[in-house]
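Summary of the model geometry
Next come the chains, spelled out residue by residue.
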Amino acid sequence: MNQSNIVSGNLKHFYAKTRGAANFIMIFALHSLFLSVTAYYIFICKCLESFHREFAYRSHALITKNSQQRLLIIYREVNETTSFADDILSYPAFTTVLNSMIGLFSFAYHFIYHFNFLFLSNYIWLVNHIAGIILYSTFLLVVMLSGAGVNQAARMSMEASEDLLWRFPQDFLKLMNTLRKRSSFATLTLWKIYTIEKSLFISAIGSLVTYGFLLGTMGSIQNIDSNANAT
């Protein structure tokens, strides 16, 4: 009987360690994938932004050389590249932003909910939650600002291409038809639902932190009241 209890205890200890190791590996793998997707998205955004800005800066030289057709071809290629990147990355960007928002809300909520009970007794918990808030805020920040930077640069390149219409009024209708047929304004989006803008980031992070702190404060007040009634 004693031997069976010892074996059972050892098995429980082994299963507990195995489950803890499996959870750690899963969390590490998910965060590694999350970090890799974010880094790749930022890299693509920087490339697209440089394409649009380079086109906008050099378009004036092409206009002065009367290279209208070449300018339109370059703009079409840059625009098609942006549209292709959005087709591939819009869903990963959406899941990255959604995951960051959930993580930020969760850490903000638990930070306020348990703050009064664990602040003085568990500094590791405090540092862990502050680090979590900073981590998910950083992920959300870099993804949203990278996409917003590309969209801002895309507007600059669109304005540069439309400048053709006013530089060559004799070919206004011809150039207008060419622009409409060959290119359409492409932006980076979140799963083809939201166009990424800086204002979207500010409203999203403000709402998450506000609701997380509000719910956490309400929960901590209820716990204090229940403890007071129990005593």
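Computed from a prediction, not measured in an experiment: that's the story for all the values here. (Residues numbered from 1 in each chain as written. Predicted model: local features only at pLDDT ≥ 70, side-chain atom pairs only at ≥ 80, totals over all residues. Heavy atoms only, no water.)

On to the environment of Leu48. Note that Leu48 resides in helix α1 (residues 2–64). Through-space distance from the C-alpha of Leu48 to that of Asn151 is 9.3 Å; in sequence the pair is 103 residues apart. (Helix = DSSP H or I, 4+ residues; strand = E, 2+ residues; numbered from the N terminus.)

Right, let's talk about the nonpolar core for a bit. By size, the foremost hydrophobic cluster in this structure holds 17 residues, and its most contacted members are Tyr41, Leu48, Val97, Met144, Leu188, Leu190 and Ile196. In terms of residue count, the dominant contributor to this core is helix α4 (residues 123–167) (five residues). Excluding residues within four positions of it along the chain, Leu48 makes contact with Thr81, Thr82, Ala85, Val150 and Leu188. Among the nonpolar cores identified, the runner-up in size contains ten residues, and Leu104, Tyr136, Phe139 and Leu208 belong to it. (Core = buried A, V, L, I, M, F, W, Y, C linked by side-chain atoms within 4.5 Å. Buried < 20%, exposed > 50% of the residue type's maximum accessible area, 1.4 Å probe, protein only. Contact = heavy atoms within 4.5 Å.)

The next subject is the packing of aromatic side chains. Scanning the entire structure with this criterion turns up five aromatic pairs. Seen in terms of ring centroids, Phe55 and Tyr75 are 5.6 Å apart; in terms of plane orientation they differ by 35 degrees. Their pairing is tilted. Of this pair, Phe55 sits in helix α1 while Tyr75 sits in helix α2 (residues 68–113), and the two are 20 residues apart along the sequence. Take Tyr75: its relative accessible area is 3%, and that puts it in the buried class. Taken together, a centroid distance of 5.8 Å and an interplanar angle of 35 degrees make the contact between Phe107 and Tyr136 tilted. Taken together, the residues Phe107 in helix α2 and Tyr136 in helix α4 connect sequence positions 29 residues apart. Among the aromatic side chains, those forming a connected cluster through ring pairs are Tyr91, Phe94 and Trp191. (Phe/Tyr/Trp six-rings, centres within 6.5 Å; stacked < 30°, edge-to-face > 60°.)

On to the environment of Glu162, then. Tracing the backbone through its elements, the reader meets Glu162 in helix α4. Considered as a pair, Glu162 and Leu72 are 90 residues apart in the sequence and their alpha carbons are 9.7 Å apart.

Our next topic: the pattern of salt bridges. In the structure shown here, the tally under the stated rule is five salt bridges. One salt bridge connects Arg58 with Glu54, and the closest N-O pair in it is separated by 2.6 Å. A residue pair is termed a helical-turn pair when its members lie 3 or 4 positions apart in one helix, as Arg58 and Glu54 do in helix α1 at four residues. Taken together, the shared-partner salt bridges in this structure form one network comprising Asp86, Asp87 and Lys192. (Salt bridge = Lys/Arg side-chain N within 4 Å of Asp/Glu carboxyl O.)

Turning our eyes to something else, we now look at a nonpolar patch on the surface. Taken together, the side chains of Tyr91, Trp191, Ile193 and Tyr194 present a nonpolar region at the surface, about 460 Å² in accessible area. By secondary structure assignment, the location of Trp191 is in the loop between β1 (189–190) and β2 (194–195). On the basis of relative accessible area, Trp191 is assigned to the partly exposed category, the value being 42%. (Patch = residues over 30% accessible without salt bridge, like charges linked within 9 Å, V, L, I, M, F, W, Y side chains within 5 Å. Areas by Shrake-Rupley, 256 points an atom, 1.4 Å probe, with all protein chains shown as cover.)

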